[in-house]
Amino acid sequence: KPKYQHIVLLENYHRLWDDLELIGSDFTRSKVPELKELYEKNAQAYVKEVFAYQFGQLTEFFNNIKLMLQSIAPENIKFQSSFNINNFRKIAQIPSVTFVKNVKEMHKRMQKHLSKEENLFEDIEQRLKDYIYEVLAEFESLAQLCYPEESMSPSSNEIEDLV
């Protein structure tokens, strides 16, 4: 898949959606919901890409845990060589300074990618924040399930201050 596919699509769908709303004919109004849905889909895909780029190890670790949970009991995950407690600590316990640095890098990346003419940065930034809260809460619940004696850092409660 092309590297910047979602950026181009979300900007184009946003532009079309915006322009068709301005025209306001019956035909164009009928196309607006479809374009808005395509914009939403590509915006969410872009946000996931940005997060996965910056927090790739964390995302991959917990996605693999989800896969392992299909065949192994949660309490046995920590006994698998790739998912032992030391690996969990190394990957899931991110120092706050590093977390903040990664969030800033995501913002820089988005500013670089998104065109200023479309004025999408604020919308995508809010989507990114929502996604961070959502995905880290999910990862935290998986961590509690598989590593009850350990905790993630930063926790979902601490995220609000850092994002």
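Residues numbered from 1 in each chain as written. Predicted model: local features only at pLDDT ≥ 70, side-chain atom pairs only at ≥ 80, totals over all residues. Heavy atoms only, no water.

Draft legend 1. Quick peek at the overall build of the protein chain. Along its length, the protein chain carries seven helices and zero strands. N-terminal to C-terminal, the α/β element order of the protein chain is α-α-α-α-α-α-α. In terms of overall dimensions, the protein chain is more spread out than a globule: its C-alpha atoms have a radius of gyration of 19 Å, far above the 15 Å expected for 163 residues. Its C-alpha atoms put the protein chain at 60 × 35 × 30 Å along the principal axes. Relative to its 163 residues, the protein chain shows a buried fraction of 39%. Residue pairs in contact within the protein chain that sit at least 24 positions apart in sequence constitute 74% of those at least 6 positions apart. In the protein chain, 20 positive and 26 negative side-chain charges are present, and the distance between their average locations comes to 6 Å. (Helix = DSSP H or I, 4+ residues; strand = E, 2+ residues; numbered from the N terminus. Rg over C-alpha atoms; globule rule 2.2 N^0.38 Å. Buried < 20%, exposed > 50% of the residue type's maximum accessible area, 1.4 Å probe, protein only. Contact = heavy atoms within 4.5 Å. Lys, Arg positive; Asp, Glu negative; His and termini not counted. Charge placed at Lys NZ, Arg CZ, Asp CG, Glu CD.)

Draft legend 2. How the structure looks around the pattern of salt bridges. Using the criterion set out here, one finds six salt bridges in the structure. We note a salt bridge from Lys-66 to Glu-138, for which the minimum N-O separation is 2.7 Å. A residue pair is termed long-range when its members are at least 10 positions apart, and Lys-66 in helix 3 (residues 56-68) and Glu-138 in helix 6 (residues 121-146) qualify at 72 residues. A salt bridge links Lys-78 to Glu-149, with the nearest nitrogen and oxygen atoms 3.4 Å apart. Here Lys-78, found in the loop between helix 3 and helix 4 (85-92), pairs with Glu-149, found in the loop between helix 6 and helix 7 (156-162); they are 71 residues apart in sequence, far enough to count as distant. We classify Glu-149 as partly exposed; its relative accessible area is 44%. (Salt bridge = Lys/Arg side-chain N within 4 Å of Asp/Glu carboxyl O.)

Draft legend 3. Local environment of the packing of helix 3 against helix 6. Running from amino to carboxyl end, helix 3 crosses helix 6 at an angle of 55°, the nearest separation of the two axes being 11 Å. In terms of orientation, helix 3 lies oblique with respect to helix 6. Of the two possible hands of crossing, helix 3 and helix 6 adopt the one that is left-handed. Facing Leu-58, Thr-59, Phe-62, Ile-65 and Lys-66 of helix 3, the residues of helix 6 in contact are Leu-136, Glu-138, Phe-139, Leu-142, Ala-143 and Cys-146. Class assignment of the residues belonging to the contact of helix 3 with helix 6 gives a composition of eight nonpolar, one polar and two charged. (Axes fitted to C-alpha atoms, helices over the stretch in contact; angles between N-to-C directions. Parallel < 35°, antiparallel > 145°, perpendicular 65-115°, else oblique. Left-handed = near helix turned anticlockwise from the far one by under 90°. Nonpolar A, V, L, I, M, F, W, Y, C, P; charged D, E, K, R; others polar.)

Draft legend 4. Region of interest: the nonpolar core. Of all hydrophobic cores here, the largest spans 44 residues; its most connected members are Phe-51, Leu-58, Phe-62, Ile-65, Ile-124, Leu-136 and Met-152. At the level of secondary structure, the elements contributing two or more residues to this core comprise helix 1 (5-23), helix 2 (26-54), helix 3, helix 4, helix 5 (96-113) and helix 6. The greatest single-element share of this core, amounting to 11 residues, is contributed by helix 6. With residues near it in sequence (within four places) discarded, Ile-65 still touches Ile-77, Phe-83, Leu-142, Cys-146 and Tyr-147. (Core = buried A, V, L, I, M, F, W, Y, C linked by side-chain atoms within 4.5 Å.)

Draft legend 5. Structural view of the packing of aromatic side chains. Inspection of every chain in the model, using the stated rule, returns 10 aromatic pairs. The interplanar angle of 25° and the centroid separation of 5.0 Å between the aromatic rings of Phe-51 and Phe-55 together place this pair among those described as stacked. Phe-55 sits in the buried class, given a relative accessible area of 4%. Ring centres of Phe-51 and Tyr-131 lie 5.5 Å apart, and the angle between their planes is 80°; on these two criteria the pair is classed as edge-to-face. (Phe/Tyr/Trp six-rings, centres within 6.5 Å; stacked < 30°, edge-to-face > 60°.)

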